[in-house]
Amino acid sequence: MKSINDDASTQDLDPQSDHSSDYLAHPNSHPQPHPHPRRPRGFAAAAAAAATTNSPAKGKKEREKEKERTKLRERHRRAITSRMLAGLRQYGNFPLPARADMNDVLAALAREAGWVVDADGTTYRQCPPPSHMGSFAARSVESQLSGGSLRNCSVKETIENQTSVLRIDECLSPASIDSVVIAERDSKSEKYTNASPINTVDCLEADQLMQDIHSGVHENDFTGTPYVPVYVKLPAGIINKFCQLIDPDGIRQELIHIKSLNVDGVVVDCWWGIVEGWSSQKYVWSGYRELFNFVRKFKLKLQVVMAFHECGGNDSSDALISLPQWVLDIGKDNQDIFFTDREGRRNTECLSWGIDKERVLKGRTGIEVYFDMMRSFRTEFDDLFAEGLISAVEVGLGASGELKYPSFSERMGWRYPGIGEFQCYDKYLQHSLRRAAKLRGHSFWARGPDNAGHYNSLPHETGFFSERGDYDNYYGRFFLHWYSQTLIDHADNVLSLATLAFEETKIIVKVPAVYWWYKTPSHAAELTAGYHNPTNQDGYSPVFEVLRKHAVTMKFVCLGFHLSSQEPNESLIDPEGLSWQVLNSAWDRGLMAGGENALLCYDREGYKRLVDMAKPRHDPDHRHFSFFVYQQPSLLQANVCLSELDFFVKCMHGEMTEL
């Protein structure tokens, strides 16, 4: 069977060839020999000689143009294929791998229709027991798959009695997968209110079709679903810059509310700017010790975040919790320790990954500084590790504690939905880029793109990110590979030491949700964030291979909102498509996955979408989140409906039958 990703181009017969034209005119006849042409003389001979001299160069140029046209056709075809596969994944929950081909699509459709497909491609249908044959009701839907939607479907119904059991028509063979078979819904269904034959459905949307296939599952019933632990994240400002607990009574009241919701535990940020805030290698943990004792009294589990970034500085105001003062003092003399944009502006939110192995921090490298703090924490709270109070440690790997470049900094003027800017212009990362270009044999590639726009540009406004832009030429692919590989190497270096510091404790890495411009070919915002994930490439697989190497858990930022088809989508967002790609890529590599909400408040529908993301209903492997982190400024101060949150927690625990 021909792969969906096979090369679409084929070599045609040369239209200028006499033999080919004869063959096309008389395909069943043998080509006749032609008499030798008369030898030209005089001026005609000179002209023929000049044409012969120029023809090789002209032919080579034409071949190069044809290659480029073939590449463009292939990219366009792959983009269409990607949208089709995304539609099947999004609306039908088909478990298609990240690089699916036509075999995967046919196998998924066949299994959905009740067939058995073995690994070697053998396809057959298991017959139901004879005693139940009469109770099956079948309705075949002959459909045409195109562009990610199923439209203008002709529905033929053969019904004697109505049940919700799925079967396939007897007359269909394994090859006739174009006919998708849908079990008849209950007679009280709102969509099919009588048992009379239904001849046609003018417009049956893909999401409606897939919902009908899975109509046997009650949408709002979460009883018996897997138990997903829920943690509540405590506010960042509960400990001051001198590592003192600010409001013990307020913290006690907060924990009382959390405990009343039957939440499993809490998440606490341990800020580098507080713990090692004033002097190098002098760590103060007193405020965190007092806070952890409160958590212990309430018998809650504890997840701790090693926060190596600043807090509250993603706007024009001063940072609430900055990097350590001694690091900022070093930065006054050597500003290249911070990420830098093309205009030379420094971002002090976190340290540049270019100094991971440079001894510029009072004799220590970047990763040694991170390791020393993690080792100090492990030693200081050894008793809490021993009794199991600390269930996991999250390691911050970039801006906002997420594994990404600080490409969307509001203090630099970025506003949603800008594409952001590349952050690779400090001297250490520039040296790394020059070294990579030299190894590639193209030293002139040792530069950042000069047509990538600015923080608030849109993809089509730039020469680099626009459709058929430079992001997909030889230089663009080289630069983006180096840029993303720097992110991967940073994660690898830090996690190697984190696993050494925390031994058998679960380690968590937070992955961002860069969902805007996801429906464009370049995925511009993801590229500036460090994920080389255009339409024709999977940019998350290399990252997750490193996470699997260190056996860490991936925590994904969940948005919890849905964009309906009636709403404008000017920034071409696709939260569902991004979530599907990230989670399935992680699960396919055997990673444990967790989640954390991005927005501060949700209605009941938002909670339901979070539960559906945490525990996918139709996943054939029954994969689900290993935990979920709910974050709010404070359950006491924020406008939080505790009854709604209680519903959410019970659904995550598999105790609630209706949401």
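Per chain, residue numbering runs from 1 following the sequence as it is written. Totals for whole chains, interfaces and linings use every residue, but because this is a predicted model, local features are given only for residues with pLDDT of at least 70 and side-chain atom pairs only at 80 or more, for both listing and counting. Calculated side-chain values reflect all of the structure's heavy atoms, with hydrogen atoms and water omitted.

A. Summary view of the packing of aromatic side chains. Note on aromatic pairs: the rings of Phe, Tyr and Trp (six-membered ring only in Trp) are paired at centre separations within 6.5 Å, and the planes decide the class, stacked below 30 degrees, edge-to-face beyond 60, tilted for the rest. Within the structure shown, the criterion is met by 45 aromatic pairs. With a centroid separation of 5.8 Å and an interplanar angle of 20°, the aromatic rings of Phe-479 and Tyr-483 are classed as stacked. Of this pair, Phe-479 and Tyr-483 both sit in helix H12 (residues 474-502), separated by four residues, roughly a single helical turn. Judged by relative accessible area, which is 0%, Phe-479 ranks as buried. Only when the NZ atom of a Lys or the CZ atom of an Arg is both within 6 Å of the ring centre and within 35 degrees of the ring normal do we say a charge sits over the ring. Here Arg-378 stacks its cationic end above the ring of Phe-385, 4.3 Å away from the centre of that ring. Strands here mean DSSP runs of E at least two residues long; helices mean DSSP runs of H or I at least four residues long; both are numbered from the N terminus. Working definition: with a 1.4 Å probe on protein chains only, accessible area under 20% of the residue-type maximum means buried, over 50% means exposed, and in between means partly exposed.

B. Looking closely at the UniProt feature "active site" (unreviewed entry) in the protein chain. UniProt positions are given in the numbering used here, feature names are shortened, and annotations may be inferred rather than shown by experiment. Within this numbering scheme, the UniProt entry marks Glu-402 and Glu-596 as carrying the feature "active site" (unreviewed entry). Across 195 residues in sequence, these annotated residues keep their C-alpha atoms within 11.8 Å of one another, forming a single compact spot. Relative to the elements of secondary structure, Glu-402 occurs in the loop between strand S13 (390-395) and helix H11 (427-440). Any two residues whose heavy atoms approach within 4.5 Å at even a single point are treated as in contact. Setting aside its immediate chain neighbours within four residues, Glu-402 contacts Leu-397, Lys-510, Pro-512 and Val-557. Mapped onto the fold, Glu-596 is located in strand S16 (residues 593-597). Taking the relative accessible area as the measure of exposure, Glu-596 reaches 1% and is therefore buried. Excluding residues within four positions of it along the chain, Glu-596 makes contact with Lys-233, Lys-510, Lys-555, Phe-556, Val-557, Cys-558, Phe-628, Val-629 and Gln-631. For the purposes of these results, a polar contact is taken to be a pair of N or O atoms within 3.5 Å, where, inside protein, one atom must be able to donate a hydrogen and its partner to accept one; residues adjacent in sequence count only when each atom of the pair is a side-chain atom. Within the local environment of Glu-596, its side chain forms a polar contact with the side chain of Lys-555, the two groups lying 2.6 Å apart.

C. Region of interest: the sheet that holds strand S17 (residues 628-631). For two strands to pair, DSSP has to find at least two bridges joining them. Taken in spatial order, the eight strands line up as S8-S9-S10-S13-S14-S15-S16-S17 and close into a barrel, and their pairing is parallel. Averaged over all adjacent pairs, the angle separating strand axes in this sheet is 30°, with direction ignored. Only C-alpha atoms enter the line fits that serve as axes; for helices the fit covers just the stretch in contact. Angles between N-to-C directions range over 0 to 180 degrees. The strands touched by helix H9 (residues 366-380) are strand S9 (265-271), strand S10 (301-307) and S13; relative to S10, the strand with the most contacts, the crossing angle is about 155°. Along the sheet, helix H17 (residues 642-652) contacts strand S8 (230-233) and S17; its crossing angle with S17, the most-contacted strand, is approximately 175°.

D. Representation of the packing of H11 against H12. The interhelical angle for the contact between H11 and H12, taken along N-to-C directions, is 130°, at an axis separation of 11 Å. What the angle tells us is that H11 and H12 run oblique. For the crossing formed where H11 meets H12, the hand is right-handed. Of the residues in H12, those touching H11 at Leu-429, Ser-432, Leu-433, Ala-436, Ala-437 and Arg-440 are Phe-478, Phe-479, Trp-482 and Thr-486. Across the contact of H11 with H12, the residue classes break down as seven nonpolar, two polar and one charged. Should an angle fall under 35 degrees it is taken as roughly parallel, and over 145 as roughly antiparallel, whereas 65 to 115 is taken as roughly perpendicular and any remaining angle as oblique. In this scheme, a crossing is called left-handed if the near helix is turned counterclockwise away from the far one by less than a right angle; it is called right-handed if the turn is clockwise. Only Asp, Glu, Lys and Arg are considered charged in this grouping, and only Ala, Val, Leu, Ile, Met, Phe, Trp, Tyr, Cys and Pro are considered nonpolar; every other residue, Gly among them, is considered polar.

E. Just the nonpolar core, in detail. Residues belong to a common nonpolar core when they are buried Ala, Val, Leu, Ile, Met, Phe, Trp, Tyr or Cys residues joined through side-chain atoms within 4.5 Å. Formed by 149 residues in total, the largest nonpolar core has its most connected members in Tyr-288, Phe-292 and Phe-377. Ranked by the residues each element gives to this core, the list is headed by H12, at 14 residues. Ignoring any residue separated from it by four or fewer positions in sequence, one finds Tyr-288 in contact with Ile-239, Cys-243, Val-268, Asp-269, Cys-270, Trp-271, Ile-274, Val-275 and Phe-381. Judged by nonpolar contacts, the second largest core, of eight residues, contains Phe-94, Leu-96, Val-105 and Leu-109.

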